[in-house]
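A look at the structure
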Amino acid sequence: FFFKQTTAYESSLGLVGSEMCIRDRYTDAIDGYGFDRPSAWVEVRGSGNDVFFRDASEVETNAFVAVSSPSSSAYESVEDLGTAEDAAKRVLEQYVGELMSTRLGVRREKEILNARRRTKSDGKVYYDVEVRISSYSARNQYGLTAEDRPQTLEWDRTLRSALGTENGKLYELRLQSPTASYEKNSKIFDVMVDSFRQFEADTPSVSSYIGLRIGQ
């Protein structure tokens, strides 16, 4: 007989829909990290990240992991970044930089929603950051007056970043979804963040450079 133990992850996901109550554990032994994710999410290869998963039913809801270069800085703790609020500011600026547009008439609004310092059951300190970025654009980019260039909302995203350290490296689990559906996904994101762990890596690896770049 085989018995399947119900995990905290499955119990939490059961609150937001029975179709999401099965989870898979993703583990990267080479880089030294792992996290739980909904089994319905699909892996996207060639994204430039260490690993990338997205919700097949809502592709703008996704998660990826970025790992810092082991040669850039040696991290003993996320507290090397400063406070959680300091890390949140750097995370937000990094995100805005990645989403930079050269189009005329584009305006971005940004805000930090939460910045928390957390100690998990393994005794390690993690930072948990939530930010929101909205983008507005003008359809008539070449209008002579502001009235000729009215701006409308083109997208609005809420992003969450879990930061941890191990092997002298900084690890970032980034989760994002449209702000309109963020509350619906928040329980799933809570469990994914809680499950994010780093451990001693089997071998050193080349880092992924998309994500938070600290120490540059």
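Please refer to the structure placed before this passage.
In this text, all values refer to a predicted model and were calculated from it rather than measured experimentally.

On to helix α3 (residues 179-195), then. Taking 1.5 Å of rise per residue, 17 residues should cover 24 Å, and α3 covers 23 Å from first to last C-alpha, within 8% of that figure. Of all the bends in α3, the greatest measures close to 60° and is centred on asparagine 185.

On to the pairing of strand β6 (residues 106-119). By the bridge criterion, 13 bridges tie β6 to strand β7 (residues 125-138) in an arrangement that is antiparallel. Each bridged residue has a counterpart across the sheet, and for arginine 107 the counterpart in β7 is tyrosine 136. Hairpin remark: β6 followed by β7, antiparallel, with five residues in the connecting loop; positive phi at glycine 123, about 85°.

It is worth spelling out the sheet that holds strand β2 (residues 33-38) at this point. What the three strands build is an open sheet, ordered β1-β2-β10; its pairing is antiparallel. Strands at the two margins of the open sheet, each flanked by one partner only, are β1 (23-28) and β10 (197-198). Strand contacts of α3: β1, β2 and β10, with the helix running at about 160° to β2, the strand carrying the most contacts.

If you check the backbone angles, asparagine 167 has positive phi at about 55° while not being a glycine. Checked against the element boundaries, asparagine 167 lands in the loop between β8 (151-166) and β9 (169-178).

Before going further, it helps to spend a moment on the pairing of β8. By the bridge criterion, 12 bridges tie β7 to β8 in an arrangement that is antiparallel. Residue isoleucine 133 lies in a different strand from β8, and its bridge partner there is arginine 157. The sheet contact formed by β8 and β9 spans 10 bridges and is antiparallel. When the sheet's bridge partners are listed, glutamate 166 is paired in β9 with lysine 169. Once β8 ends, the chain turns through two residues before running back antiparallel as β9, passing asparagine 167 with a positive phi of about 55°.

Calculation notes
Residues numbered from 1 in each chain as written. Predicted model: local features only at pLDDT ≥ 70, side-chain atom pairs only at ≥ 80, totals over all residues. Heavy atoms only, no water. Helix = DSSP H or I, 4+ residues; strand = E, 2+ residues; numbered from the N terminus. Expected span 1.5 Å × (residues − 1). Bend = angle between axes of the 7 residues up to and from the residue. Pairing = 2+ DSSP bridges. Contact = heavy atoms within 4.5 Å. Axes fitted to C-alpha atoms, helices over the stretch in contact; angles between N-to-C directions.

Keep in mind that these numbers describe shape and distance, not what the molecule does.
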